[in-house]
Amino acid sequence: MKSAVETLNPTRVRLTVEVPFEELKDSLDAAYKKINQQVTVKGFRKGKIPARVIDQRFGRGAVLEEAVNDALPKFYTDAVNEAELNPLGQPEVDITELKDGETLNFTAEVDIRPSIEIPDYSGIEVEVDAVEVTDEDVEKSVEQLRERFASTSPVERAAAEGDVLTIDLQAKVDGEVLEDGVADGVSYTIGSGELLDGIDDAVKGLEAGGEATFTSELKGGSAAGKEAEVTVKVTQVAARELPELDDDFAQLASEFDTLDELKADSRKRLENMKQYDQATQAQERVLDKLLELVEVPVPEKLLEDEINTRKHNLEHHQLGQMGLDLEKYLELQGKTAEEFETETREAAVKGIKTQFVLDELVKQEKLNVSQEELTEHLMRRAASSGMSPDQFAQAVVEQGQVPLLVGEVARGKALASVVEKATVKDTNGEIVDLDDEEDEETEATEAAAESTDAEADKAEEKTEG
């Protein structure tokens with residue numbers, strides 16, 4: 001077999017392959033054997049039909065077609081390996097010449113991973129938010145905890161802001177009660193914004209037994225997005241009572257004996273959260289700077305496939321679960337269809353570039369993934385998916401996605417190595433040493449790696465093809 005490579009553009013090549021006919025012998029034998037098992041000829045036992053009889057009865061062309069279809073993947077793979085290419089997706093194959101007993105010539109056009117040069121990135125500088133926790137932040141955190149321990153008691157008065165109501169609801173569209181438009185015994189806090197638009201104005205001032213009707217656009221269900229006439233009946237009004245902010249509350253709501261200890265712990269927790277956010281922010285901004293330094297051509301077909309996949313997942317999975325269509329989603333987001341198209345394309349481009357660049361860094365830095373690192377990553381992914389580690393691991397193995405997880409961890413390590421060499425300052429001009437935030441930095445590295453892989457996972461699935 002002889003092969004040659006023609007570069008069509010930085011991300012696409014054409015392979016020209018010439019195969020001497022004798023190299024088709026194994027595939028021809030397999031073709032005759034396969035046809036033997038599929039046909040019957042009077043006078044011959046099944047599977048024992050001579051090749052010349054098959055040629056006469058069914059045509060030599062049918063045999064050649066079967067043999068070529070069997071042989072092409074191997075010859076294509078050999079040509080790819082010989083040229084040391086990294087193909088993306090499936091090739092477009094064209095048989096240019098097939099002479100029985102002489103030669104098989106074909107071409108194969110395929111997208112390839114572009115050749116990427118990573119420049120010196122040690123001079124990258126980024127700015128991140130400073131870790132600052134104010135007294136107001138602490139008070140808000142403690143107040144949220146206090147809200148969780150609020151109690152309610154029925155009252156005989158008109159409903160007011162903050163009261164907890166027990167209500168019955170009935171929704172009609174075009175005068176007809178919806179099958180899924182009736183709900184009884186619903187608990188609702190006035191001002192929470194958790195139900196329908198207009199419900200607060202409708203129930204304020206009502207006492208137990210009171211009823212009101214209002215019009216609102218349904219957010220979910222069989223008539224999502226439609227205007228409905230909603231009747232709400234109040235069956236109970238209850239006032240919320242917050243516990244006193246004192247040492248007794250601290251003992252009730254936490255493991256601490258005093259309110260001061262509880263507040264100190266809240267401050268520490270907020271600092272940890274902001275350090276986590278800071279580390280994640282550093283990862284993301286360093287990645288953006290790195291991508292600015294590297295010229296990364298993007299295969300057009302891979303990009304279009306990625307854009308279509310993102311749109312499909314949004315429309316048929318995420319929005320479907322929310323009871324929305326794309327038009328309604330864009331309306332809620334305040335975006336035009338053109339803006340959505342632009343943003344989707346930009347995100348897809350960034351995802352593909354991120355994968356290419358970080359994979360190149362993995363190769364250059366010779367980064368390996370240990371079993372311990374893979375297990376830790378698997379457990380994090382399992383937690384985020386709502387599955388047990390065993391269930392998630394089984395699903396990963398069954399779907400053949402272990403290499404994808406290994407790639408995620410490796411890219412996370414590559415990005416962490418870039419951040420380590422970067423200069424990170426906060427908005428106060430202070431140098432941020434992420435090594436001082438061991439647990440938070442590790443978690444943020446993981447989160448950032450998963451974030452970049454969320455941009456690139458689908459693209460990787462195509463590259464593995």
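Keep in mind it's a predicted model, so treat the numbers as computed, not measured.

Peer 1: How should I be thinking about the overall build of the protein in this particular structure?
Peer 2: When you go through the protein residue by residue, the secondary structure sums to 14 helices and 11 strands. At 32 Å, the protein has a C-alpha radius of gyration far larger than the 23 Å of a compact globule built from 465 residues. In terms of overall dimensions, the protein has a C-alpha envelope of 100 × 65 × 45 Å along the principal axes. For the protein, with 465 residues in total, the buried portion stands at 38%. Within the protein, counting contacts between residues at least 6 apart in sequence, those at least 24 apart form 70% of the total. With the model as given, the accessible surface of the protein reaches about 26400 Å², and the carbon-plus-sulfur share is 45%. Separation between the mean location of the 51 positive side-chain charges and that of the 108 negative ones in the protein comes to 10 Å.

Peer 1: I keep staring at the pattern of salt bridges and nothing clicks. Help me out?
Peer 2: Note that side chains of opposite charge can pair when their charged atoms are close. According to the stated counting rule, one finds 34 salt bridges in the structure shown. For Arg 113, the salt bridge identified is with Asp 359, shortest N-O distance 3.1 Å. With Arg 113 in the loop between strand S4 (103-112) and strand S5 (125-128) and Asp 359 in helix H10 (residues 337-365), this pair connects stretches of sequence that are 246 residues apart. Overall, the relative accessible area of 24% leaves Arg 113 in the partly exposed class. A relative accessible area of 19% places Asp 359 in the buried class. Asp 288 is the salt-bridge partner of Lys 350, the closest N and O atoms lying 2.9 Å from each other. Of this pair, Lys 350 sits in helix H10 while Asp 288 sits in helix H7 (residues 259-293), and the two are 62 residues apart along the sequence. The class for Lys 350 is partly exposed, based on a relative accessible area of 32%.

Peer 1: Help me out: how do you make sense of the UniProt feature "domain: PPIase FKBP-type" (unreviewed entry) in the protein in this one?
Peer 2: Cross-referencing UniProt, the feature "domain: PPIase FKBP-type" (unreviewed entry) maps to residues 162-215 in the present numbering. Here residues 162-215 runs as 9% helix and 54% strand, with 22 Å between its end C-alpha atoms.

Peer 1: Looking at this structure, how should I read a nonpolar patch on the surface?
Peer 2: On the surface, Val 93, Ile 95 and Leu 98 cluster together into a nonpolar patch covering about 220 Å² of accessible area. Note on placement: Ile 95 falls in strand S3 (residues 87-99).

Peer 1: Help me understand the packing of helix H11 (residues 371-385) against helix H13 (residues 402-421) in this model?
Peer 2: A packed helix pair is summarised by two numbers, namely the angle formed by the two axes and the spacing between the axes. Where H11 meets H13, the closest approach of the two axes is 10 Å, and the angle between their N-to-C directions is 105°. The angle between H11 and H13 places the two elements in the roughly perpendicular class. In contact with Glu 373, Leu 374, His 377, Leu 378 and Arg 381 of H11, H13 contributes Leu 405, Val 406, Glu 408, Val 409 and Lys 413.

Peer 1: I tried to follow the confidence of the model for the protein on my own but got confused; where do I start?
Peer 2: Should pLDDT be low for a region, the predicted coordinates there are not to be read in detail. Mean pLDDT for the protein: 89, with 93% of residues reaching 70 or above. Across residues 437-465, confidence stays below pLDDT 50; counting only partners more than four residues off in sequence or on other chains, it has 77 contacts.

Peer 1: Looking at this structure, I do not really get the packing of aromatic side chains. What am I missing?
Peer 2: Describing an aromatic ring pair means giving the distance of the ring centres and the angle of the ring planes. Tallied over the full model, the rule gives 1 aromatic pair. Summarising the aromatic geometry, the rings of Phe 149 and Phe 249 are spaced 6.1 Å apart at their centres and angled 90° between planes, so their arrangement reads as edge-to-face. With Phe 149 in the loop between helix H4 (135-148) and strand S6 (151-154) and Phe 249 in helix H6 (residues 247-253), this residue pair connects regions lying 100 residues apart in the sequence. The exposure class of Phe 149 is partly exposed, given its relative accessible area of 30%.

Peer 1: Before we go on, may I ask you to explain the side chain of Asp 359 in this structure?
Peer 2: Here the side chain of Asp 359 touches Arg 411 through a polar contact of 2.8 Å, side chain to side chain. Not counting chain neighbours up to four residues away, the residues in contact with Asp 359 comprise Arg 113 and Arg 411.

Peer 1: Would you explain the environment of Ser 115 in this entry?
Peer 2: Inspection of the secondary structure puts Ser 115 in the loop between S4 and S5. Each C-alpha atom of the pair Ser 115 and Glu 360 lies 9.0 Å from the other, and the pair is 245 residues apart in sequence.

Peer 1: Just to check I follow, could you spell out helix H8 (residues 300-322) for this structure?
Peer 2: An α-helical turn contains 3.6 residues, so any two residues separated by three or four positions project in the same direction. The end-to-end C-alpha separation of H8 is 32 Å, in line with the 33 Å expected for 23 residues at 1.5 Å each. Along H8, the positions that sit buried rather than exposed are Leu 302, Leu 303, Glu 306, Ile 307, Arg 310, Lys 311, Leu 314 and Leu 319. The first or second residue beyond H8 is Gly 323, which carries a positive phi of 70°.

Peer 1: Looking at this model, I keep getting lost on a negative patch on the surface. Mind explaining?
Peer 2: On the surface, Asp 247, Asp 248, Asp 257, Asp 260 and Glu 261 cluster together into a negatively charged patch. Put simply, the parts of the chain that give the negative patch at least two residues each are H6 and H7. Turning to its location among the elements, Asp 247 is positioned in helix H6. Given a relative accessible area of 37%, Asp 247 falls into the partly exposed group.

Peer 1: What am I meant to see in the environment of Gly 123 here?
Peer 2: Inspection of the secondary structure assignment puts Gly 123 in the loop between S4 and S5. Distance from Gly 123 to Leu 319, taken between C-alpha atoms, is 42 Å for residues 196 residues apart in sequence.

Parameters at a glance
Residues numbered from 1 in each chain as written. Predicted model: local features only at pLDDT ≥ 70, side-chain atom pairs only at ≥ 80, totals over all residues. Heavy atoms only, no water. Helix = DSSP H or I, 4+ residues; strand = E, 2+ residues; numbered from the N terminus. Rg over C-alpha atoms; globule rule 2.2 N^0.38 Å. Buried < 20%, exposed > 50% of the residue type's maximum accessible area, 1.4 Å probe, protein only. Contact = heavy atoms within 4.5 Å. Areas by Shrake-Rupley, 256 points an atom, 1.4 Å probe, with all protein chains shown as cover. Lys, Arg positive; Asp, Glu negative; His and termini not counted. Charge placed at Lys NZ, Arg CZ, Asp CG, Glu CD. Salt bridge = Lys/Arg side-chain N within 4 Å of Asp/Glu carboxyl O. UniProt positions renumbered as here; feature names shortened; annotations may be inferred. Patch = residues over 30% accessible without salt bridge, like charges linked within 9 Å, V, L, I, M, F, W, Y side chains within 5 Å. Axes fitted to C-alpha atoms, helices over the stretch in contact; angles between N-to-C directions. Parallel < 35°, antiparallel > 145°, perpendicular 65-115°, else oblique. pLDDT = per-residue confidence, 0-100. Phe/Tyr/Trp six-rings, centres within 6.5 Å; stacked < 30°, edge-to-face > 60°. Polar contact = N/O pair within 3.5 Å; in protein donor to acceptor, adjacent residues only side chain to side chain. Expected span 1.5 Å × (residues − 1).

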